[in-house]
Amino acid sequence: MIETLIVFLGAGLGGVLRHGLNGACTRWCGPEFPYGILLINSLGSFLMGLLAGYFAFKASEVWSQSMRLFMATGILGGFTTFSTFSLDAVLLWERGDMILSIVYVLGSVILGIAGLIAGLAIMRALA
């Protein structure tokens, strides 16, 4: 139960960071292109790489599972799930499952967009 609370708190913080950065980018760059989300997804993936690499190669026993959950699943997960998607795709690739990695990437993008289109279509039909 404590792990759920840790993730909850981190995700709240990450969500607030995402909202603030996205709003700032919209004010600075305008609403014509989703600059904020592009920045958030890119930055989140970069930070996930740093964090995963640090935990894998540098972290000592001091870094508990709770801290990993708070930072990676919580803060970065709340900031952008794209960072986790990126990590999963690269881990599949690095372990030699190139085809599975490609299927995961293409499947996630295609099914995600198809799901959004289907949801919009259902709501338009009901409206």
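Overview of the structure. Numbers given for residues are sequential positions, taken from 1 along each chain in its written order. Per-residue local features are limited, in this predicted model, to residues with pLDDT of at least 70; the limit for side-chain atom pairs, both in listing and counting, is 80 or more; totals at the level of whole chains, interfaces and linings are taken over all residues. Heavy atoms throughout the structure, all of them, feed into the side-chain values; hydrogens and water do not.

Only the six-membered ring of Trp is used, alongside the rings of Phe and Tyr, when aromatic pairs are assigned; centres must lie within 6.5 Å, and planes under 30 degrees apart are stacked while those over 60 apart are edge-to-face, with the rest tilted. Under the criterion given, the structure shown has four aromatic pairs. Ring geometry for Phe 82 against Phe 85: centres 5.3 Å apart, planes inclined by 50°, an arrangement best described as tilted. Pair noted here: Phe 82 and Phe 85 are both in helix H4 (residues 82–94), with a separation of three residues, about one helical turn. For Phe 82, a relative accessible area of 36% gives the class partly exposed. Note on Phe 85: relative accessible area 16%, which makes it buried. Of the aromatic side chains, those joined through ring pairs into one cluster are Phe 82, Phe 85 and Tyr 104. The helix and strand labels rest on DSSP assignments: H or I over at least four residues marks a helix, E over at least two residues marks a strand, and numbering proceeds from the N terminus. For each residue, the accessible area found with a 1.4 Å probe, counting protein chains only, is set against the maximum for its type, and the residue is called buried under 20%, exposed over 50%, and partly exposed in between.

Right, let's get into the layout of surface pockets. Detection works on a 1 Å grid of protein atoms alone, calling trapped sets that fit a 1.4 Å probe cavities and calling open sets with protein on both sides within 12 Å along at least five of seven lines pockets, with lining residues defined by an atom within 4 Å of a point. Grid points are joined across faces, edges and corners, and a volume is the space filled by probe spheres set on the points. Empty space within the largest pocket amounts to approximately 190 Å³. Listed by contribution, the elements that provide at least two residues to the lining of the largest pocket are helix H2 (35–57) and H4. The element contributing the most residues to the lining of the largest pocket is H2, with seven residues. By the convention adopted, Pro, Cys, Tyr, Trp, Phe, Met, Ile, Leu, Val and Ala count as nonpolar, Lys, Arg, Asp and Glu as charged, and the other residues, Gly among them, as polar. In terms of residue class, the lining of the largest pocket is built from seven nonpolar, five polar and one charged.

All right, on to the nonpolar core then. Most often, soluble globular proteins have nonpolar side chains that are buried together. Ile 40, Met 48, Leu 51, Phe 55, Ala 72, Leu 76 and Phe 79 together form the largest nonpolar core, which totals seven residues. The set of elements that each furnish at least two residues to this core consists of H2 and helix H3 (65–79). If you tally residues by element for this core, the top one is H2, at four residues. Residues within four places of Ala 72 in sequence aside, it is in contact with Met 48, Leu 51 and Gly 77. Residue types Ala, Val, Leu, Ile, Met, Phe, Trp, Tyr and Cys, when buried and joined through side-chain atoms within 4.5 Å, form a set referred to as a nonpolar core. We call two residues in contact when some of their heavy atoms are within 4.5 Å.

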